[in-house]
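A structural walkthrough
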Amino acid sequence: VARRATAGCARASGAAVAGRRCPRRAAAAAAARRAPRLLATRCDGAAPRLLPAGHAERVGVFSFSTIATGDATVEAPTGYPKAWTAGEVQAWFATHEDGIWAEYAPKFARLTGEEMSALSEEAFRDFADHPNGRAIYNDWQILQLTWASAASQVMPASGPRAFNMSGPSNPSEDYFLDPLTLYTDDNDSAFNLESCMHLIAQEKCFLLHGPPQSMKTSFLQALQLHLNTEHGDDYLCVLASVEHLQSGSETRAEVVQMIANLLSKACADAGGGAFAYQFVRSLGTELRPQVLSQLLSAWAAHEYAGGRRLVILFDEFDSLYGDVLFFVLGELRTYYALRPTQFPSSIVLCGMRDLRDYKAEDGEAAVGSSSPFNIKDRSIRTRSLSREQVAALFDQHTADTGQQFEDEAIDRVMYWTAGQPWLVNRIGHGLCFDAGGVLDRTVPVVATDVDVVADFICQTRETHIDSLGWRLRERRVKNVVAPIVTGDDSFLDSRWDEEYATDLGLVTSGTDGKLTFANPIYASVVTRYMAEPALARMLQVSIPAREDYLRKDGSLDEAKLICRFTNFCRNHPDALKRATKAADASQDVLDAAEQLLREAHYHVTLAAFLDRIANGGGRVSREAFFGSGRLDLLVEIPRHSEAVNVDTAPVARTLIEVKMAKAENEFSPGRLKANIAQAKSYAARAARGGNVEVVLIIFDARRSNKKQSQLEKEQFEAVEDGSALWAKTEQGVKCYVVDVGSFVNSFDSHVA
């Protein structure tokens, strides 16, 4: 990218003054930025390639060296520096940074670009025969970095486009939705270019946060590109990711030094010249915590002197923690008032969590409203994709390959993913490129194909899915997930816990305002992870094959299912073990949370038992809402060919509604009728044109000596000896009551 002439490393500290004293130099620099950008030449001689239509106007074209300024008459070389001839290397000496290394050019005579790239730092010193050899070496390395960054955006794609599941999207290789224009017409979302540009114009500091792999980095890259190409005369935008900088053993000074080094290299990648890199090197090798504030102050002054304002985008910022996090936030806040002349005019912090959830090293000292970082203007949260946007993404595959997607298939993609970008792309990849997908491009993709891929995703432990399980170890996440699974609204530790789980993308507010899982895939994954002790035990014991639980017509025999489930829990109490108690809560809160987690384990263990039975063609879908008092499990099992006739559907569907009874009036006629009506209502929505058998299972957790007499009064009949399982049929719905007291006694005996 066209680069402004600088005053050199020796005058770096006085850059602001130098710019004011040399109006001719400043005018030449501004003209260089406005000059037509040169198109990159390929090292293999092939024609250069721009990005696909619709993006080239934002990306522009690239020049891999500086434009000649001042009195220099030598034309600056372009193209792959390693492929330069000796003459082009000499031209670089004459034009680079207004020819500050021109006097050393003869000492590097007859060296080609490839030979220059092969030299070590010591060799550069020997050739220059002067301490400046090290500075020349640094500039040459930055030239390589700049070329590599630009070339990655103009090189042709290596193959046909596909659905992207890892890292930021590349429009030349991936099916791509422009993140800057996705929500331009959405008045409820600030996740768009117009809103961000408004904040940057006002010199604001703001946060961009959202769930993992929800287009955050793609948005930052597009925003940086827009600022540096469309507004390059006014802004220099630098993007740096601080992910993995802090592993736990580094000191504050070491991490801050790494951030400064990262910014200095990112400056070269963004076409900002070598000022930041040279400034950091000029400070020497001594570690100093203030290096970040010193760099940002000098750098902003340097850019402001040339007529530009500095904008810094920090990606994965919430990966910092503890003392380092608070120190960096404090530094940004201290110098914030000096913007834009001596500090970046705007700073964007991007990560999964909002600022209120940034934590100290001990995990409890939240940043909060009384933090040292009270300069945040607003927090912008990423958004899920709409149905129209999902359809537009899949239409790109249709345009490239001719393969069609039925409308019902797009509807099922939205059902399973709720528009979560990674899940949408993962299902698309599974449908069109995985071995079990629809690889014949002449065959359209239908709804059942989507269901098969979604079910496969629920059962695998890919990185994105596995990260959800890791989050379930956190107490704050458990406090939100457990009430959703049980439907209990009597306990929720904190509204902040709810907002935290929402920011992570695990939960969302349903159409009725009740908290629920963000999508059915997450609901399945979360309940599977919560039932890991039960799943581990199920893999060790012999559970009858699925056929043993089916009737002759292929439908699920719920009576056998419930009996064998209760026997499994009674004989293997370790499958119901509770999560380890955390030591960071008061005893009252701890008891309530642990009790709810224990109740949730009955629900998720039943779901895991059903998963084991349905394995091999069947499917178990989950639906749960905070405060609904239930967990709905839809079991879909394909019938055998001999069981399918004019009176039966190819798939047998059974809705199992799971509830927890803790009050004495849970089995009153009125409450039971309400529960049955609730189950039938969901069954009607899940039918999809077919019949659904409805089963109501109530886990009886009452602490009463009159359980048996009350159940007999309500006309429940004992199914097992010992009165652990009761049943009755009401309004065509089969109702079962499971006494969890037998599980608890067995569990306590197991622990003893």
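Model, not experiment: these values are computed from the prediction. Each chain carries its own residue numbering, running from 1 in the direction its sequence is written. Where local features are concerned, this predicted model is filtered to residues with pLDDT of at least 70; where side-chain atom pairs are given and counted, the filter is 80 or more; whole-chain, interface and lining totals use all residues. No hydrogens and no water enter the side-chain calculation; it runs on all heavy atoms of the structure.

1. Quick look at the overall build of the protein chain
Heads up, the rule is: Secondary structure elements follow DSSP: runs of H or I no shorter than four residues count as helices, runs of E no shorter than two count as strands, and numbering proceeds from the N terminus. We call two residues in contact when some of their heavy atoms are within 4.5 Å. Using a 1.4 Å probe, accessible areas were evaluated by the Shrake-Rupley method; residue-level cover was limited to the displayed protein chains.
The number of helices and strands found in the protein chain is 27 helices and 14 strands. Sequence-distant contacts in the protein chain: of pairs separated by 6 or more residues, those separated by 24 or more amount to 70%. Carbon and sulfur atoms make up 49% of the accessible area of the protein chain, which amounts to about 31500 Å² in all.

2. Topic: the packing of helix α14 (residues 387-401) against helix α16 (residues 421-432)
Put simply, the rule reads: A fitted line through C-alpha atoms represents every axis, and for helices the fit uses only the stretch in contact; the resulting angles, taken between N-to-C directions, go from 0 to 180 degrees. Roughly parallel refers to an angle under 35 degrees, roughly antiparallel to one over 145, roughly perpendicular to one between 65 and 115, and oblique to any angle outside these ranges. A clockwise turn of the near helix away from the far one marks a right-handed crossing, whereas an anticlockwise turn of less than a right angle marks a left-handed crossing. Residue polarity follows a fixed list, in which Ala, Val, Leu, Ile, Met, Phe, Trp, Tyr, Cys and Pro are nonpolar, Asp, Glu, Lys and Arg are charged, and the others, Gly among them, are polar.
Interhelical geometry of α14 versus α16 gives an angle of 30 degrees and a closest axis separation of 11 Å. By the criterion of interaxial angle, the relationship of α14 to α16 is roughly parallel. Once α14 is placed against α16, the crossing between them reads as right-handed. Taking contact as the criterion, the partners of V390, L393, F394 and H397 in α14 are, on α16, V424, N425, G428, L431 and C432. Of the residues assigned to the contact of α14 with α16, the class counts are six nonpolar, three polar and no charged.

3. Some thoughts on the layout of surface pockets
For clarity, the cut-off: Cavity: a set of points on a 1 Å grid over the protein atoms alone where a 1.4 Å probe fits but cannot get out. Pocket: an open set with protein on both sides within 12 Å along at least five of seven lines, its lining residues, like those of a cavity, having an atom within 4 Å of a point. Grid points are joined across faces, edges and corners, and a volume is the space filled by probe spheres set on the points.
In this structure, the second largest pocket spans a volume of roughly 1100 Å³. Along the walls of the second largest pocket sit 43 residues, with A418, F517, A518, N519 and P520 positioned nearest its centre. Taken together, the elements giving at least two residues each to the lining of the second largest pocket come down to α15 (407-417), α20 (495-503), β6 (507-509), β7 (515-517), α21 (520-530), β8 (619-624), β9 (631-638) and α25 (669-686). If one sorts the elements of the lining of the second largest pocket by residue count, α15 sits on top with five residues. Taken together, the residues that form the lining of the second largest pocket break down as 18 nonpolar, 14 polar and eleven charged.

4. Comments concerning the side chain of D611
As a reminder of what qualifies: The classification of residues rests on relative accessible area computed with a 1.4 Å probe and restricted to protein chains. Under 20% of the type maximum is buried, over 50% is exposed, and intermediate values are partly exposed.
Structurally, D611 can be placed in helix α24 (residues 587-614). Residue D611 is classed as buried on the basis of its relative accessible area of 11%. What D611 contacts, discounting residues up to four positions off in sequence, is R528, V620 and R622.

5. Thoughts on the packing of aromatic side chains
Quick note on the threshold: Aromatic pairs are defined between Phe, Tyr and Trp rings, using the six-membered ring for Trp, whenever the two ring centres lie within 6.5 Å; interplanar angles under 30 degrees are classed as stacked, those over 60 as edge-to-face, and all others as tilted. As a reminder, the over-ring test applies to NZ of lysine and CZ of arginine, requiring each to be within 6 Å of the ring centre and within 35 degrees of the ring normal.
Applying the stated criterion to the full structure yields 19 aromatic pairs. A ring pair is formed by F108 and F124, whose centres lie 5.7 Å apart and whose planes are at 40 degrees; its orientation type is tilted. With F108 in the loop between α4 (86-95) and α5 (113-118) and F124 in helix α6 (residues 121-128), this pair connects stretches of sequence that are 16 residues apart. Summarising the burial analysis for this pair, F108 and F124 share the class buried. Put simply, the rings of W84, W92, F93, F108, F124, F127, Y137 and W140 touch in pairs and so form one group of aromatic residues. Over the ring of Y500 we find R476, and its NZ or CZ is 4.2 Å from the ring centre.

6. Observations concerning helix α23 (residues 558-571)
We apply this condition: Expected helix span is given by 1.5 Å per residue-to-residue step, counting one fewer step than there are residues.
Helix length check: α23, at 14 residues, gives a terminal C-alpha distance of 20 Å against a target of 20 Å (1.5 Å per residue), a fit within 8%. Every buried residue belonging to α23 is among E558, L561, I562, C563, F565, T566, F568 and C569, and all of these are buried.

7. Topic: the nonpolar core
Put simply, the rule is: To define a nonpolar core, start from buried Ala, Val, Leu, Ile, Met, Phe, Trp, Tyr and Cys residues and group those joined through side-chain atoms within 4.5 Å.
Counting residues in each nonpolar core, the largest one holds 114 residues, and the members touching the most others are L223, I427, I521 and I656. At ten residues, the largest contribution of residues to this core is made by α24. The contact partners of I656, leaving out residues within four places of it in the chain, are L556, L561, L610, L631, D632, L633, V635, V695 and I697.

8. Structural notes on the sheet that holds strand β3 (residues 309-315)
Test applied: At least two DSSP bridges between two strands are needed for those strands to be called paired.
Spatially, five strands are ordered β2-β3-β4-β1-β5 in an open sheet, and the strand pairing comes out parallel. Where the open sheet ends on each side, the last strands, each with one partner, are β2 (235-241) and β5 (376-381). This sheet shows a mean twist of 15 degrees between the axes of neighbouring strands, independent of strand direction. Of the pairings in the sheet, the one linking strand β1 (residues 205-209) to strand β4 (residues 346-351) comprises five bridges and is parallel in character. Residue pairing in the sheet places C205 in a bridge with I347 of β4. Docked against the sheet, helix α9 (residues 216-230) engages β1, β2, β3 and β4, running at close to 155 degrees with respect to β2.

9. Considerations on the confidence of the model for the protein chain
Counted only if it meets this: Confidence scores per residue from the predictor, reported as pLDDT, run from 0 to 100.
Looking at the protein chain as a whole, its pLDDT mean stands at 75, while 71% of the residues score no less than 70. Long-range and interchain partners of residues 1-72, a stretch whose pLDDT sits below 50, account for 128 contacts in this model, where long-range means more than four residues apart. Confidence drops under a pLDDT of 50 for residues 578-591, and excluding neighbours within four residues, the segment shows 20 contacts in the predicted structure.

10. Let's talk about the pairing of β4
Test applied: Crossover handedness is defined by viewing with both strands directed away from the observer: a clockwise path from the first strand over the helix to the second marks the crossover as right-handed.
In terms of burial, β4 is largely enclosed, as six of its six residues are buried. Burial along β4 is two-sided: S346, V348 and C350 facing one way and I347, L349 and G351 facing the other are all buried. Traced from β3 through helix α13 (residues 322-334) to β4, the parallel crossover comes out right-handed.

11. Looking at α16
Selection rule: As used in this structure description, the phrase polar contact means that two N or O atoms lie within 3.5 Å; if the pair is within protein, one of them must be able to donate a hydrogen and the other to accept it, and residues adjacent in sequence are counted only when both atoms belong to side chains.
When the terminal C-alpha atoms of α16 are compared, their 17 Å separation across twelve residues agrees well with the 16 Å that a helix rising 1.5 Å per residue should span. Judged by how many residues are buried, α16 sits mostly within the fold: twelve of twelve residues are covered. Those residues of α16 that sit buried are P421, W422, L423, V424, N425, R426, I427, G428, H429, G430, L431 and C432. In the core, the buried residues of α16 are packed alongside α14, α15, α17 (447-459), α18 (463-471) and α21. The N-cap of α16, judged by a side-chain oxygen 2.8 Å from the amide nitrogen of W422 a few residues on, is Q420.

12. Description of the environment of Y549
On the secondary structure map, Y549 appears in the loop between α22 (532-540) and α23. Sequence separation between Y549 and I562 is 13 residues, and the spatial gap between their C-alpha atoms is 10.0 Å.

13. Some details on the side chain of E203
Inspection of the secondary structure puts E203 in the loop between α8 (193-201) and β1. In this structure E203 comes out as buried when scored by relative accessible area, which is 15%. Among the polar contacts listed, one links the side chain of E203 to the side chain of R309, at a separation of 2.2 Å. In this view, E203 contacts R309, Y336, R339, P340 and S345; residues no more than four positions away in its chain are not counted.

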